[in-house]
Amino acid sequence: MAPTDETGQAARHPTTPGAPPPAGPPSAPISGPGARMPRWLPRAMVLALTLFALFQLGSWVFHQLVGLLVNILIAFFLALAVEPAVSWMAARGVRRGLGTFLVFLGVLIAAAGFVTLLGSMLAGQIIKIVEDFPDYLDSVINWINTHFHTELRRVDIQEGLLRSDWLRNYVQNSATGVLDVSTQVLGGLFQLLTVGLFSFYFAADGPRLRRTVCSLLPPARQAEVLRAWEIAVNKTGGYLYSRGLMALVSGLAHYVLLEFLEVPYAPVLAVWVGLVSQFIPTIGTYLAGALPMLIAFTVDPWYALWVLIFVVVYQQFENYVLQPKLTSKTVDIHPAVAFGSVVAGTALLGAVGALIAIPAVATLQAFLGAYVRRYDVTDDPRVLGHRGPGGPGALTRVRRLWARRTDPQRPRDGDAGTP
């Protein structure tokens, strides 16, 4: 409808001759059934679906290969641990492949000998425990009857156990779980073989691997990578050195206890406690203490209690005194940082993360230390923990008072000295 004036007649706008006609009202966007889709929308939808599919595929691949990646990470740190020995042999004319083979062969022979000796000892002690179990059971029943005025008999207990539903269910579950245990054992052997092969290749082809990595970087970055590699070797070696020292101290302490209690196979048990408690994180302490307690139980049930008490007390000494000192000296990190790194590594990768957390954090800290600028600290009493600049401390005042008592000729504070 054309605009009108107050009289209701259509208003007439004067037009200039030759000028274009006035523009009409803006047209509304087409939103009816015949409206067209923007050209960019299909391509955006295809791109979004493609990115989502790639993300899902990458997530699936990562979850499938996470076990392999963890094994490669363990192998890399094992290669860093044997790198000093392999480099020492290579510097004296031995080929790196042969040197790596000799190092791994020595470790394998030592481990196989220890496992064989420990297995034979454990089998013999288990047979002895089974043979002497009725006598142990009779002694326990007599003690209970004496102190609690009961009339228990071993025959009644054995019949109750044989007829119990718990034993029947346990046997059935054990029979069905044999296949699962066999599968886990085979999987563990395969993982051990995978870690061993990768660590052998990393150690034997260390120079070639470093050369390949450096060939992808500019010269300035190559120096940083080589420096980080060297720091990682030193820190990993220092970590293993500290663990070896703690294993030695732990083994000697438990050997003295086991010899004092006259527990058989004391040297082997001491080596077991030292190695397992230090090189198996989180549960290593419990595994290490369980076997000596079991063997001590075959000698005297009270000896097992003494072993348990000693393991708990020594573990506290190691956690709060020995381990922070050795770890801070060999790996050069604060004990609180070492403890936090172990907790974080356990949360991320479980036992593997707890084992490699300290050398990884030590390597990162040493590498980043060269790029963090440090300043001189001002001489402020608050830096030393003083609340304010007010007078000397109580210990200082006591020392000055003692000095005045022992030396009357000494001038007091505030007195003018002799010229």
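In this text, all values refer to a predicted model and were calculated from it rather than measured experimentally.

Cut-offs used in this document
- Residues numbered from 1 in each chain as written.
- Predicted model: local features only at pLDDT ≥ 70, side-chain atom pairs only at ≥ 80, totals over all residues.
- Heavy atoms only, no water.
- UniProt positions renumbered as here; feature names shortened; annotations may be inferred.
- Helix = DSSP H or I, 4+ residues; strand = E, 2+ residues; numbered from the N terminus.
- Patch = residues over 30% accessible without salt bridge, like charges linked within 9 Å, V, L, I, M, F, W, Y side chains within 5 Å.
- Areas by Shrake-Rupley, 256 points an atom, 1.4 Å probe, with all protein chains shown as cover.
- Salt bridge = Lys/Arg side-chain N within 4 Å of Asp/Glu carboxyl O.
- Buried < 20%, exposed > 50% of the residue type's maximum accessible area, 1.4 Å probe, protein only.
- Axes fitted to C-alpha atoms, helices over the stretch in contact; angles between N-to-C directions.
- Parallel < 35°, antiparallel > 145°, perpendicular 65-115°, else oblique.
- Left-handed = near helix turned anticlockwise from the far one by under 90°.
- Contact = heavy atoms within 4.5 Å.
- Nonpolar A, V, L, I, M, F, W, Y, C, P; charged D, E, K, R; others polar.
- pLDDT = per-residue confidence, 0-100.

*Asks:* Residue-level account of the UniProt feature "transmembrane region" (unreviewed entry) in the protein, with values.
*Replies:* In the numbering adopted here, UniProt assigns the feature "transmembrane region" (unreviewed entry) to residues 44–62, 68–89, 101–127, 185–204, 240–257, 269–289, 301–317 and 337–364. A distance of 26 Å separates the end C-alpha atoms of residues 240–257, which is 100% helix and 0% strand.

*Asks:* Describe in detail a nonpolar patch on the surface, supporting the description with residues and values.
*Replies:* A contiguous nonpolar patch, built from L47, L51, L54, L57, W60, V61, F62, L65, V66, L68 and L69 and spanning about 1,000 Å² of accessible area, is present on the exposed surface. Looking at where L65 falls in the secondary structure, it is placed in helix 1 (residues 40–90). For L65, a relative accessible area of 38% translates into the label partly exposed.

*Asks:* For the packing of helix 8 (residues 266–279) against helix 9 (residues 284–299), give the residues involved together with the corresponding values.
*Replies:* Packing of helix 8 against helix 9 leaves a shortest axis separation of 7 Å and a crossing angle of 165 degrees. It follows from the interaxial angle that helix 8 and helix 9 lie roughly antiparallel. When the axes of helix 8 and helix 9 are compared, the crossing they make is right-handed. On the side of helix 8, the interface is formed by L269, W272, V273, V276 and S277, while helix 9 contributes G284, T285, L287, A288, L291, P292 and I295. Class assignment for the residues of the contact of helix 8 with helix 9 results in nine nonpolar, three polar and no charged.

*Asks:* Which residues make up the confidence of the model for the protein, and what values do they have?
*Replies:* Mean pLDDT over the protein: 75, with 73% of residues reaching 70 or higher. Element-level pLDDT for the protein is lowest in helix 4 (residues 165–176), with a mean of 64, against a maximum mean of 88 in helix 1. Note on residues 413–419: pLDDT under 50 across the span, and two contacts to partners over four residues away in sequence or across chains.

*Asks:* Outline the pattern of salt bridges, supporting the account with residue identities and numerical values.
*Replies:* Two side chains carrying opposite charge are able to pair once their charged atoms lie near each other. Scanning the model with the defined rule gives three salt bridges in all. Between R221 and E224 there is a salt bridge, with the nearest N and O atoms lying 3.1 Å from each other. Of this pair, R221 and E224 both sit in helix 7 (residues 219–260), three residues apart, roughly one helical turn. Taking relative accessible area as the criterion, R221 reaches 47% and is therefore assigned partly exposed. A residue is classified by how much of its surface remains accessible, and E224, at 23% relative accessible area, is partly exposed.

*Asks:* I'd love a proper account of unusual backbone geometry, names of residues and values included.
*Replies:* Phi is positive for E262, close to 60 degrees, though the residue is something other than glycine. The residue E262 is located in the loop between helix 7 and helix 8 in this model. The exposed category is assigned to E262, whose relative accessible area is 66%.

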